[in-house]
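If you want the building blocks of each chain, they are given just below.
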Amino acid sequence: TPAARRQLRATIEQRGLAIDGQFLQAAEAVIKALDDVQGQLDGLTTSCGAISGALTSARATASGLLADADKAARQTAALEGKRQLVEQFLDKYQLTPEEVYPEPLPAGVLCCARVHCGWCVVHVPPLPGQVPAVA
């Protein structure tokens, strides 16, 4: 009958509207959740940018410090080599006090560097009570 068809049509439309309403409610919840996720992603992007900037700055600072440390290490190695050369030279060529002045100084006589070289006789006046060294 036509009335039954109209009633069936109205029922189908009401069910369709109810399903559409449920779909809209579910979609709104999903959209809100996606908006929350987007906000969190925006916050993460901002944080990542700040961290990246800090890392770049730290890298620049650290590279300068590492370069300075490397330079200092090279200089230290070069100086250590020079120190060893000087030590070897002095061990081989520097005269001992006994070789410079084989006889001991007379009692009460003091000389510069405890080695009688004659320089102190000319350049260093004796202290009170001190007998000057003889060249």
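Residues numbered from 1 in each chain as written. Predicted model: local features only at pLDDT ≥ 70, side-chain atom pairs only at ≥ 80, totals over all residues. Heavy atoms only, no water.

(A) Focus on a nonpolar patch on the surface. On the surface, Val86, Phe89, Leu90 and Tyr93 cluster together into a nonpolar patch covering about 400 Å² of accessible area. With respect to the helices and strands, the residue Phe89 is situated in helix 1 (residues 2–93). (Patch = residues over 30% accessible without salt bridge, like charges linked within 9 Å, V, L, I, M, F, W, Y side chains within 5 Å. Areas by Shrake-Rupley, 256 points an atom, 1.4 Å probe, with all protein chains shown as cover. Salt bridge = Lys/Arg side-chain N within 4 Å of Asp/Glu carboxyl O. Helix = DSSP H or I, 4+ residues; strand = E, 2+ residues; numbered from the N terminus.)

(B) Focus on the pattern of salt bridges. This model, assessed by the stated rule, comprises 5 salt bridges. A salt bridge links Arg9 to Glu13, with the shortest nitrogen-to-oxygen separation between them at 3.7 Å. In this pair, Arg9 and Glu13 both sit in helix 1, 4 residues apart, roughly one turn of the helix. Between Arg74 and Asp70 there is a salt bridge, and its shortest N-O distance comes to 2.4 Å. Of this pair, Arg74 and Asp70 both sit in helix 1, separated by 4 residues, roughly a single helical turn. By relative accessible area, which is 42% here, Asp70 ends up partly exposed. Here the residues in one salt-bridge network are Glu80, Arg83 and Glu87, joined through shared partners. (Buried < 20%, exposed > 50% of the residue type's maximum accessible area, 1.4 Å probe, protein only.)

(C) The arrangement of the packing of aromatic side chains in detail. Inspection of every chain in the model, using the stated rule, returns 1 aromatic pair. Arranged with centres 5.0 Å apart and planes meeting at 40°, the rings of Phe89 and Tyr93 form a pair that is tilted. Residue Phe89 and its partner Tyr93 are both found in helix 1; the two are separated by 4 residues, about one turn of the helix. (Phe/Tyr/Trp six-rings, centres within 6.5 Å; stacked < 30°, edge-to-face > 60°.)

(D) Seen up close, the environment of Thr56. Looking at the secondary structure, you find Thr56 in helix 1. Among the polar contacts listed, one links the side chain of Thr56 to the backbone oxygen of Ser52, at a separation of 2.9 Å. (Polar contact = N/O pair within 3.5 Å; in protein donor to acceptor, adjacent residues only side chain to side chain.)

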